[in-house]
Amino acid sequence: MPDNMSRYNQMCKKLKQAGYKLTPQRLTILKILSERKDHPNPDSIYEAIQKKLPTTSPATVYKTLIVLKKLNEVLEIQYSNESNRYDGINPFPHPHIYCKKCKKFSDLDLLAYNELLEDVKMKTGFEIHSLNLLIEGICPYCQNIEII
Ligand SMILES: [Zn+2]
Ligand SMILES: [Zn+2]
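Remember, it's a predicted structure, so these values are computed and weren't measured experimentally.

Caption draft 1: Up close: the overall build of the protein chain. Assigned secondary structure in the protein chain consists of six helices and five strands. Projected onto the principal axes, the alpha-carbon positions of the protein chain cover approximately 50 × 45 × 25 Å. Within the protein chain, the fraction of its 148 residues that count as buried is 34%. Within the protein chain, contacts between residues at least 6 apart in sequence are counted, and of these 50% link residues at least 24 apart. Here the protein chain holds 21 positive side-chain charges and 17 negative ones, and the gap between their average locations is 9 Å.

Encoded structure:
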């Protein structure tokens, strides 16, 4: 997995190549996306940028996310019960696990994932572009809280 700085530089490069201006607002959003492992939703990105650049509007956050998505520089995880989550650290499709209680959204390192893709390829002959795997449940931490 690439480090935060190289993800940041890569996102800057892609935006610039696509003809977008690298405004301080956009750069700050890229910075947040390249550092946050918690798969932030637009609201929490907005909250974070507010602390640095208070004049930024929520629309700027949304628009930047749409552009990054179009450039394949952010992975959008659509989640019906809540707002979408975004992964700027690893923009390629990968499995996630979500705790319904503490709302923690994490990457799921799954050995069987590649096997699954191979299996699908073999059985269908498809060239696979995306596979959305989201496992929901209650994390061990939250389970303990419930017991107490
Ligand atoms: Zn939890
Ligand atoms: Zn992820």
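Caption draft 2: Up close: the coordination of the zinc ion (ligand 2). Within the protein, His39 (NE2), Asp87 (OD), His94 (NE2), His96 (NE2) and Asp107 (OD) serve as the donor atoms for the zinc ion (ligand 2), at 2.0 to 2.1 Å. Taking the relative accessible area as the measure of exposure, Asp87 reaches 3% and is therefore buried.

Caption draft 3: Expanded view of the coordination of the zinc ion (ligand 1). Donor atoms from the polypeptide that coordinate the zinc ion (ligand 1) comprise Cys99 (SG), Cys102 (SG), Cys139 (SG) and Cys142 (SG), at 2.3 Å from the metal. The sequence motif formed by the donor residues of the zinc ion (ligand 1) is C-x2-C-x36-C-x2-C. Highlighted residues: Cys99 in strand 3 (residues 96–99) and Cys139 in the loop between strand 5 (134–137) and helix 6 (140–147), separated in sequence by 40 residues. Residue Cys99 shares its accessibility class with Cys139, and that shared class is buried.

Caption draft 4: Summary view of the sheet that holds strand 4 (residues 105–107). Strand order across the open sheet formed by three strands is 4-3-5, with mixed pairing between neighbours. Each edge of the open sheet is held by one strand with a lone partner, namely strand 4 and strand 5. On average, each strand axis in the sheet is tilted by 25 degrees relative to the strand beside it, whichever way the strands run. Across three bridges, strand 3 lies against strand 4 in antiparallel orientation. Counted as the bridge partner of Tyr98 is Phe105 from strand 4.

Thresholds applied
- Residues numbered from 1 in each chain as written.
- Chains lettered and ligands numbered in written order.
- Predicted model: local features only at pLDDT ≥ 70, side-chain atom pairs only at ≥ 80, totals over all residues.
- Heavy atoms only, no water.
- Helix = DSSP H or I, 4+ residues; strand = E, 2+ residues; numbered from the N terminus.
- Buried < 20%, exposed > 50% of the residue type's maximum accessible area, 1.4 Å probe, protein only.
- Contact = heavy atoms within 4.5 Å.
- Lys, Arg positive; Asp, Glu negative; His and termini not counted.
- Charge placed at Lys NZ, Arg CZ, Asp CG, Glu CD.
- Donors = N, O, S within 2.8 Å, 3.2 Å for Na, K, Ca; no water.
- Pairing = 2+ DSSP bridges.
- Axes fitted to C-alpha atoms, helices over the stretch in contact; angles between N-to-C directions.

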